[in-house]
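Structural description and commentary
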Amino acid sequence: MEHPDILLSPLSLDPLTLVSPPDHFPGREILEPTDIAGEDFIMREEGSGTRNTIEQYFSRYEIGYRLRHVINNIEGIKKAVAAGLGISILPEIAIRNELQNGTLRALPVRGITFTRDFRYALHKDKIRTEVLDAWISLLLK
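Residues numbered from 1 in each chain as written. Predicted model: local features only at pLDDT ≥ 70, side-chain atom pairs only at ≥ 80, totals over all residues. Heavy atoms only, no water.

With respect to the overall build of the chain
Note the cut-off: Numbered from the N terminus, helices here are DSSP runs of H or I no shorter than four residues, and strands are runs of E no shorter than two. Think of it in three bands: residues with accessible area under 20% of the maximum for their type are buried, residues over 50% are exposed, and the middle band is partly exposed, with areas taken using a 1.4 Å probe on protein chains only.
Within the chain, the secondary structure is distributed over five helices and six strands. Starting at the N terminus and walking to the C terminus, you meet the elements of the chain as β-α-β-α-β-α-β-α-β-β-α. A principal-axis box enclosing the C-alpha atoms of the chain has dimensions of 55 × 30 × 30 Å. Within the chain, the fraction of its 141 residues that count as buried is 35%.

This is how it looks when you write it as structure tokens:
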């Protein structure tokens, strides 16, 4: 949400990955955007930044999908995907263990690199102190 009194600055990019149950898309190592069309998707609730980002990608690349389930946390989504209830797009950092133990499978989509932007916000009139600048520098590392 943007406001004229709030200054948003880039912080980092958060890679997102399409995940499926291990046996979904057999024999495929990379998906075409059209492979996603019509798939049952499990997503976060409306208003979630992750969901908004994914929907923007789907709109930009004209990818259709079926919203099968809405779950308000990543752990629940991972469990639903692993159980075969659909596929999802989740932050890479959140799925490392599941990829290692084989309960989820990550698949790249040709021509699309899913990411979401993290930004930090400051009021436009905020006085920049040394402590604040040090904190921002730490965040940017």
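What about the packing of aromatic side chains?
Quick reminder of the rule: Between the rings of Phe, Tyr and Trp (Trp by its six-membered ring), a pair exists once the centres lie within 6.5 Å; its type follows the angle of the planes, with under 30 degrees stacked, over 60 edge-to-face, and the other angles tilted.
Applying the stated criterion to the full structure yields five aromatic pairs. With a centroid separation of 5.6 Å and an interplanar angle of 75°, the aromatic rings of F41 and Y65 are classed as edge-to-face. Of this pair, F41 sits in strand β2 (residues 40-43) while Y65 sits in the loop between α2 (49-60) and β3 (66-70), placing them 24 residues apart in sequence. When its relative accessible area of 26% is taken as the criterion, Y65 is described as partly exposed. Between F58 and Y65 the ring centres are 4.8 Å apart and the planes differ by 50°, which places this aromatic pair in the tilted class. Joined through ring pairs, the aromatic side chains of F41, F58 and Y65 make up one cluster.

Notes on the environment of L99
Rules: Should any heavy atoms of two residues lie within 4.5 Å, those residues are counted as being in contact.
Position of L99 relative to the elements: it lies in helix α4 (residues 92-101). Among the residues examined, L99 registers a relative accessible area of 34% and is labelled partly exposed. Measuring from C-alpha to C-alpha, the distance between L99 and L132 comes to 37 Å, with 33 residues separating the pair along the chain. Residues in contact with L99, not counting those within four places in the same chain, are L104, R105 and A106.

Description of the side chain of D14
Where we set the bar: Each polar contact in these results corresponds to two N or O atoms within 3.5 Å; when the atoms are within protein, one needs to be able to donate a hydrogen and the other to accept it, and residues that are neighboring in sequence are counted only if both atoms are side-chain atoms.
Summarising the element assignment, D14 is placed in strand β1 (residues 6-20). On the basis of relative accessible area, D14 is assigned to the buried category, the value being 9%. A distance of 2.6 Å separates a polar atom in the side chain of D14 from a polar atom in the side chain of R116. Filtering out sequence-adjacent residues up to four positions away, D14 remains in contact with P91, F114, T115, R116 and F118.

Points about the side chain of R116
Looking at the secondary structure, you find R116 in strand β6 (residues 115-123). Side-chain polar atoms of R116 contact the side chain of T50, separated by 2.3 Å.

Describing the pairing of β1
Looking along a regular strand, one sees the side chains alternate between the two faces of the sheet. What counts here: In short, DSSP must find at least two bridges between two strands for them to pair.
Across nine bridges, β1 lies against β6 in antiparallel orientation. For S12, the partnering residue across the bridge sits in β6 and is F118. Where β1 and strand β5 (residues 105-107) come together, three bridges link them in antiparallel fashion. Note that in β5 the partner of V19 across the bridge is A106.

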